[in-house]
Amino acid sequence: IPLLKQIIRGMQEGGLAACAKHFPGDGIDWRDQHIITTVNSLSMEEWWRYSGRVFAELIGIGVSMIMPGHISLPAYQKVRKNGLALPATLSDELLTGLLKGEMGFQGVVVSDATMMGGFNGFYGSKAESEIECFKAGCDLVLWPTDGYIDNLVSAIENGYIKESRLDDALERIFALKEKY
């Protein structure tokens, strides 16, 4: 971790916004997120000792962005869809509850690519998944469909997504832009 912290500090002091990935921690599951949602199967005690400690230390030094992976953390998640814990990119529990809430991350949460298999398949369409991704806590959504902005505006106007969620995303994005 000491070398990683120095790399992030150097990048950010040099005007680059560093991004730590893939929250809640990769390398536990041998499967490929490009094809299927993977699972961080650590207990919460183990998670805090390993993956959680790394992310907490990076948050502590002010990493600008965190990219959640299409990775679930069943030991933390209570919500299931079709019997499965959602990947972090679609999980309010992991992004808003754990990352932004318990861990106090104040930077920008940027999704991993939305065309990956680990992201798709939980909702009826990619467009619906993108809205759920934003709602869960991703401030920026990578490679959305052409209609994403219109769909997001509609979801906010009809009350499906609270304006406070939009305000949170905009505040984080504007703070990042101001810093860099």
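(A) Fine view of the overall build of the protein. Within the protein, the secondary structure is distributed over 7 helices and 7 strands. Walking the protein from its N terminus toward its C terminus, one meets helices and strands in the order α-β-β-α-α-β-β-β-β-α-β-α-α-α. Relative to the compact-globule value of 16 Å for 180 residues, the protein shows a C-alpha radius of gyration of 16 Å, a close match. Reported as C-alpha extents along the three principal axes, the dimensions of the protein are approximately 45 × 40 × 25 Å. Among the 180 residues that make up the protein, the fraction classed as buried is 47%. Working note: accessible area of the protein is about 9000 Å², and carbon and sulfur atoms make up 57% of it. Distance from the positive charge centre (17 side chains) to the negative charge centre (23 side chains) of the protein: 5 Å.

(B) Summary view of the sheet that holds strand E3 (residues 65-68). The 3 strands are arranged E1-E3-E7 in an open sheet whose pairing can be described as parallel. With one partner strand each, in any of the chains shown, strand E1 (19-23) and strand E7 (108-109) form the two edges of the open sheet. Relative to E3, E1 is paired through 4 bridges, and the arrangement is parallel. Bridge pairing in E3 places Lys21 opposite Met67. Here helix H3 (residues 51-60) sits on the sheet in contact with E1 and E3, set at roughly 155° to E1.

(C) Region of interest: helix H5 (residues 126-136). What H5 keeps buried is the set Ser129, Glu130, Ile131, Glu132, Cys133, Phe134 and Ala136. Looking at the packing, one finds that the buried side of H5 touches helix H4 (92-102), helix H6 (148-157) and helix H7 (163-179). In the segment just after H5, Gly137 is the residue with positive phi, at about 135°.

(D) Local environment of the environment of Gln106. Among the structural elements, Gln106 can be located in the loop between H4 and E7. You can call Gln106 exposed: its relative accessible area is 61%. In this structure the C-alpha to C-alpha distance between Gln106 and Lys5, which are 101 residues apart in sequence, comes to 17 Å.

(E) How the structure looks around the packing of H5 against H6. Packing of H5 against H6 leaves a shortest axis separation of 10 Å and a crossing angle of 60°. In this view, H5 runs oblique relative to H6, as classed from their interaxial angle. Of the two possible hands of crossing, H5 and H6 adopt the one that is right-handed. Here Ala127, Glu130, Ile131 and Phe134 of H5 lie close against H6, whose contacting residues are Tyr148, Asn151, Leu152 and Ala155. In terms of residue class, the contact of H5 with H6 is made up of 6 nonpolar, 1 polar and 1 charged.

(F) Molecular detail of the nonpolar core. By size, the foremost hydrophobic cluster in this structure holds 39 residues, and its most contacted members are Phe23, Trp47, Val63, Ile66, Leu98, Leu99 and Met103. Leave out the neighbours within four places in its chain, and Met103 touches Phe23, Trp47, Trp48, Gly52, Phe55, Ala56, Ile59 and Leu98. Counting 6 residues, the second-largest nonpolar core is a separate cluster that includes Met65, Met67, Ile173 and Leu176.

Definitions and limits used
- Residues numbered from 1 in each chain as written.
- Predicted model: local features only at pLDDT ≥ 70, side-chain atom pairs only at ≥ 80, totals over all residues.
- Heavy atoms only, no water.
- Helix = DSSP H or I, 4+ residues; strand = E, 2+ residues; numbered from the N terminus.
- Rg over C-alpha atoms; globule rule 2.2 N^0.38 Å.
- Buried < 20%, exposed > 50% of the residue type's maximum accessible area, 1.4 Å probe, protein only.
- Areas by Shrake-Rupley, 256 points an atom, 1.4 Å probe, with all protein chains shown as cover.
- Lys, Arg positive; Asp, Glu negative; His and termini not counted.
- Charge placed at Lys NZ, Arg CZ, Asp CG, Glu CD.
- Pairing = 2+ DSSP bridges.
- Contact = heavy atoms within 4.5 Å.
- Axes fitted to C-alpha atoms, helices over the stretch in contact; angles between N-to-C directions.
- Parallel < 35°, antiparallel > 145°, perpendicular 65-115°, else oblique.
- Left-handed = near helix turned anticlockwise from the far one by under 90°.
- Nonpolar A, V, L, I, M, F, W, Y, C, P; charged D, E, K, R; others polar.
- Core = buried A, V, L, I, M, F, W, Y, C linked by side-chain atoms within 4.5 Å.

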